[in-house]
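Structural overview
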Amino acid sequence: MIRHISWLGASLLALGTACVQADPLAFPASLQGKAVELAPNDPDYARAAVEYAVKPAGQGGVSAALVVKITQDIPVYRMWNGPGDVNAQGNTNRLGGWWSYDAPHGPVDGYRVAYEICRDWNKLKWVATCTLKAGAVVAIGPGQSVSAQTCGDPTGAEQSPANPVDWQTFVNKPWARTSELSCPPESADYQADPLDIAKPKP
């Protein structure tokens, strides 16, 4: 079982050295019967790339993680910039590493704070629903805090605290794991109503 990782432990883990505390994370009730936790000595454990998911305080990601193997297909959700908003390589941010197994809801500003998402990272305009297939291995955990410095906000206003309630799902290199993460065409996505992102924009 993966255990709580301290600020120092997360830093060392990024360097390839594990340092853990004694308090275990509780397996989320919403995934009972849909996933199983993997131990670090499990042959599939490394597929989660948990060292990229767990971050020190102020840097986003998750504060600690469980590695799980999905045992039945489950929907996962990601907010993204939307069609036509591409980077220098001509790609959108639809297939990023961070997802949620809980459907987006509520105002977009609340979602941004709950999931510690800097404005420069994601405009949170569209919602994609994909499927994590049975057999997929991912890291899940409570969101880590993000600082104004990390968000690049010199005013100090843009920051979010750690959130132990709304867990995040890290899929390592999702564009290369189509056998585990299946997404419909972009036409299946919807532009979210900023007042309630569970609904399409009027």
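Residues numbered from 1 in each chain as written. Predicted model: local features only at pLDDT ≥ 70, side-chain atom pairs only at ≥ 80, totals over all residues. Heavy atoms only, no water.

**As for the nonpolar core**
The following threshold applies: Working definition of a nonpolar core: buried Ala, Val, Leu, Ile, Met, Phe, Trp, Tyr and Cys residues. They are joined through side-chain atoms within 4.5 Å. For the exposure calls, accessible area comes from a 1.4 Å probe over protein chains only, and a residue counts as buried if that area is under 20% of its type's maximum, exposed if over 50%, partly exposed in between. Here a strand is any run of E in DSSP of at least two residues, a helix any run of H or I of at least four, and the numbering for each starts at the N terminus. We call two residues in contact when some of their heavy atoms are within 4.5 Å.
One finds Val68, Ile70, Val76, Leu132, Val138 and Ile140 to be the most contacted residues of the largest nonpolar core, which totals 19 residues. Every element with two or more residues in this core is listed here: β2 (66-70), β3 (74-80), β5 (126-132) and β6 (137-143). Tallying contributions element by element places β2 first for this core, with three residues. Excluding residues that lie within four positions of it along the chain, Ile140 makes contacts with Pro28, Leu31, Ala64, Ala65, Leu66, Val68, Tyr101, Trp167, Gln168 and Thr169.

**Points about the pairing of β2**
Quick note on the threshold: Here, strands pair whenever DSSP counts at least two bridges between them.
With four of its five residues buried, β2 lies for the most part within the structure. With three bridges connecting them, strand β1 (residues 35-37) and β2 associate as antiparallel partners. Its bridge partner being in β2, Ala35 is matched across the sheet by Ile70. Note: β2 against β6, four bridges, orientation antiparallel. Considered in β6, the bridge of Val67 is made with Ala139.

**Focus on the sheet that holds strand β7 (residues 163-170)**
Strand pairs in the sheet, formed through backbone hydrogen bonds, run parallel or antiparallel to each other. The strand order β1-β2-β6-β7-β4 describes an open sheet built from five strands, whose pairing is antiparallel. In this open sheet, the two edge strands, each paired with only one partner strand, are β1 and β4 (98-99). Relative to β7, β6 runs antiparallel, the two sharing five bridges. Bridging from a neighbouring strand, Gly143 pairs with Asn163 of β7.

**Some remarks on the state of the cysteines**
Each disulfide consists of one covalent bond between the sulfur atoms belonging to two cysteines. Note the threshold: Any two cysteine sulfur atoms lying within 2.5 Å of each other are counted as a disulfide.
Evaluated as defined, the whole model comprises two disulfides. A sulfur-sulfur distance of 2.0 Å marks the disulfide that ties Cys118 to Cys151. A torsion of -75° about the S-S bond marks the disulfide between Cys118 and Cys151 as left-handed. One end of the pair, Cys118, is in the loop between α3 (108-114) and β5; the other, Cys151, is in helix α4 (residues 148-151), with 33 residues separating them in the sequence. Its relative accessible area of 0% is what places Cys118 among the buried residues. Take Cys151: its relative accessible area is 5%, and that puts it in the buried class.

**Some points on the packing of aromatic side chains**
Put simply, the test is: Paired rings are identified among Phe, Tyr and Trp, the last through its six-membered ring, by centres lying within 6.5 Å, and are further divided according to the angle between planes into stacked (under 30 degrees), edge-to-face (over 60) and tilted (the rest).
Evaluated as defined, the whole model comprises three aromatic pairs. The interplanar angle of 55° and the centroid separation of 6.4 Å between the aromatic rings of Trp80 and Trp126 together place this pair among those described as tilted. Placement of the pair is Trp80 in strand β3 and Trp126 in strand β5, with a sequence separation of 46 residues. For the residue pair Trp80 and Trp126, the accessibility class agrees, reading buried in each case.

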